[in-house]
Amino acid sequence: MDKTRSAYISSCEVSEIAEVTLGGYSQKIAIEGKSKSLPVVITLHGGPGSPVPFSVGCRGLFPEWTDAAVMVYWDQLGCGINNAAVDNLNTEAFVDMTVDLVGEIKKRFPENKLYLFGISWGSVLALKTAVRVPELLNGVMVYGQVLKNLFFNDEVLSAFESAPKGKKLAVHNIIKTNTDCEYKVLDANMKKLYKLLKKHTNAYTNKNSKPLAVGKIVKGLIASPDYTFKDFKAIVNNGYRQNEILWRELLEADLSDELSKVRVKYLLLQGDTDIITSTKFLLSEDFGNENVTVRVIKNSGHIPSAAAMEECIETLKQFIR
């Protein structure tokens, strides 16, 4: 860890690794903010099981966030510093953990405003938690809201309409097979579709924009004062590899009704070329809920570009004011 990062950690009024019980499991979280009186933001990473960019190994790494809020970083059970077997855990089990985390943080910061910031899979946890305990939250901001028709939608098919015959047929067969198949077939299809979308479309990362500096984040995690190398490896090779429940639930989910029930301000940031969690669909829907706002970020896909992440930072600062 370099001297600048170490000095920043020392300058924060709160910068600690805390052990809490979430859903009956003992887990570690990082809590960091320049001032204890700032609004508190709990980050919910994507994946499932991919604690990047926000993880317990991030203390001192994002002063642009922690100057504006007390940030709570949680490696969801099964990955990173909280790596464990999660073979039999479903979505609701992780919602239970998220609700427990909200309650724990509210006890520690009873006078502070409290917000959730979820990315992709984390948006599922954010939405379901907001519906469950709106009285504990002041708002939710998400990037890449998972709602319904994840991957298996007409936009993905259309993206390959002009592709070479082999690629077009491969995508068509995957969409046609859908999710009602053996898990090993579904897993293979999803991996194949991921590669095709990433290489030939702007669905994941928009090729016209500067990508997020993942290399800098990786180096920061390797140099973390709180991560062991074992924790670092568990960012990718972790307990989620054997879980056959979560992806089935995600692919079959329809959270439209829950979004219509949200009773806290709920801001959805969506990349304009995201066809995985379809931005076009979100814009076309009327959820009948004045609490819900959709804002489109140009030249960004499901994974935020560098410019999109900067916009997330500035939007969050405005949101929590």
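The coordinates are above.
S.K.: Help me get a handle on the overall build of the protein chain, residues and values and all.
M.R.: On a plain count of helices and strands, the protein chain comes out with 13 helices and eight strands. Its C-alpha atoms give the protein chain a radius of gyration of 19 Å, within 12% of the compact-globule value 20 Å for 321 residues. Each principal axis of the C-alpha distribution contributes one length, and for the protein chain these read about 60 × 45 × 40 Å. Here the protein chain holds 321 residues, and 55% of them are scored as buried. Of note, the protein chain has its 39 positive side-chain charges centred 7 Å away from the centre of its 37 negative side-chain charges.

S.K.: Kindly report on a nonpolar patch on the surface, identifying the contributing residues and their values.
M.R.: Residues Val 52, Val 214, Val 218 and Ile 222 make up a contiguous nonpolar surface patch of roughly 280 Å² in combined accessible area. Along the chain, the position of Val 52 falls in the loop between β3 (40-44) and α2 (63-66). The class of Val 52 is partly exposed, set by a relative accessible area of 33%.

S.K.: So what's going on with the nonpolar core? Which residues, and what values?
M.R.: Of all hydrophobic cores here, the largest spans 75 residues; its most connected members are Phe 94, Ile 105, Phe 151, Leu 197 and Tyr 266. It is helix α3 (residues 91-108) that contributes the most residues to this core, eight residues altogether. Val 56, Leu 61, Ile 217 and Ala 308 belong to the second-largest nonpolar core, a separate cluster that totals 32 residues.

S.K.: An account of the environment of Asn 238 is needed here, citing residue identities and associated values.
M.R.: The topology assignment puts Asn 238 in the loop between α9 (229-233) and α10 (246-252). Asn 238 sits 159 residues away from Cys 79 along the chain, and the two C-alpha atoms are 5.3 Å apart. Aside from chain neighbours lying at most four places away, what touches Asn 238 is Gly 49, Gly 78, Cys 79 and Asn 83.

S.K.: Report on the pattern of salt bridges, specifying residues and quantitative values.
M.R.: The final tally for this structure, using the stated rule, is 10 salt bridges. Linking Arg 132 and Asp 96 is a salt bridge whose minimum nitrogen-to-oxygen distance equals 2.8 Å. Here Arg 132 is found in helix α4 (residues 121-132), whereas its partner Asp 96 is found in helix α3, with 36 residues between them in sequence. One salt bridge in this structure joins Glu 314 and Lys 317, with 3.6 Å as the shortest N-O distance. Note that Glu 314 and Lys 317 are positioned in helix α13 (residues 306-320) at a spacing of three residues, about one turn of the helix.

S.K.: Break down the side chain of Asp 274 for me, with residues and values.
M.R.: Positionally, Asp 274 belongs in the loop between β7 (266-271) and α12 (279-284). Within the buried set, Asp 274 has no salt-bridge partner at all; the shortest N-O distance to an opposite charge, 12 Å, is to Lys 207. Side-chain polar atoms of Asp 274 contact the side chain of Thr 277, separated by 2.6 Å. Once residues within four sequence positions are removed from consideration, Asp 274 is found in contact with Gly 144, Ala 203, Thr 279, Ser 300, Gly 301 and His 302.

S.K.: Requested: an account of the packing of aromatic side chains, with residues and values cited.
M.R.: Within the structure shown, the criterion is met by 11 aromatic pairs. Between Phe 94 and Trp 121, the aromatic rings sit 6.0 Å apart at their centres with planes inclined by 80 degrees, giving edge-to-face as the arrangement. Of the two residues, Phe 94 sits in helix α3 while Trp 121 sits in helix α4, which places them 27 residues apart along the sequence. Among the residues examined, Phe 94 registers a relative accessible area of 0% and is labelled buried. Linked through ring pairs, Phe 54, Phe 62, Trp 65, Tyr 73 and Phe 117 together constitute an aromatic cluster. In this structure, Lys 265 packs its charged tip against the face of Phe 319, placed 4.5 Å from the ring centre.

Criteria and cut-off values
Residue numbers here run from 1 along each chain, matching the order of that chain's written sequence. In keeping with the model being predicted, local features are shown solely for residues with a pLDDT of at least 70 and side-chain atom pairs are shown and tallied solely at 80 or more, while totals for entire chains, interfaces and linings include all residues. Side-chain metrics rest on all non-hydrogen atoms present in the structure, leaving aside hydrogens and water. Here a helix means four or more residues in a row that DSSP labels H or I, a strand means two or more in a row labelled E, and each is numbered from the N terminus. As a reference, a globule follows 2.2 Å times the number of residues to the power 0.38, and the radius of gyration itself is taken over C-alpha atoms. Throughout this description, buried means an accessible area under 20% of the type-specific maximum (1.4 Å probe, protein chains only), exposed means over 50%, and partly exposed covers the range between. Asp and Glu count as negative and Lys and Arg as positive, but His and the ends of the chain are not part of the count. All charge positions are set by atom: Lys at NZ, Arg at CZ, Asp at CG, Glu at CD. Any residue with relative accessible area above 30% and no salt bridge may belong to a patch, with like charges joined within 9 Å and the nonpolar Val, Leu, Ile, Met, Phe, Trp and Tyr side chains within 5 Å. Methods summary: accessible areas were calculated by the Shrake-Rupley approach with a probe of 1.4 Å, and residue burial reflects only the protein chains presented. Every case where a carboxyl oxygen of Asp or Glu lies within 4 Å of a side-chain nitrogen of Lys or Arg is listed as a salt bridge. Among the buried residues, those of types Ala, Val, Leu, Ile, Met, Phe, Trp, Tyr and Cys that are joined through side-chain atoms within 4.5 Å form a nonpolar core. When checking whether two residues touch, look at their non-hydrogen atoms; a contact exists if any pair is within 4.5 Å. The term polar contact refers here to a pair of N or O atoms within 3.5 Å; inside protein, the definition further demands a hydrogen-donor-capable atom paired with an acceptor-capable atom, and it admits residues adjacent in sequence only when both atoms are side-chain atoms. For Phe, Tyr and Trp, where Trp contributes only its six-membered ring, two rings pair if their centres lie within 6.5 Å, and the inter-plane angle classes them as stacked under 30 degrees, edge-to-face over 60, or tilted in between. Lysine NZ or arginine CZ positioned within 6 Å of the ring centre and within 35 degrees of the ring normal marks a charge as sitting over the ring.

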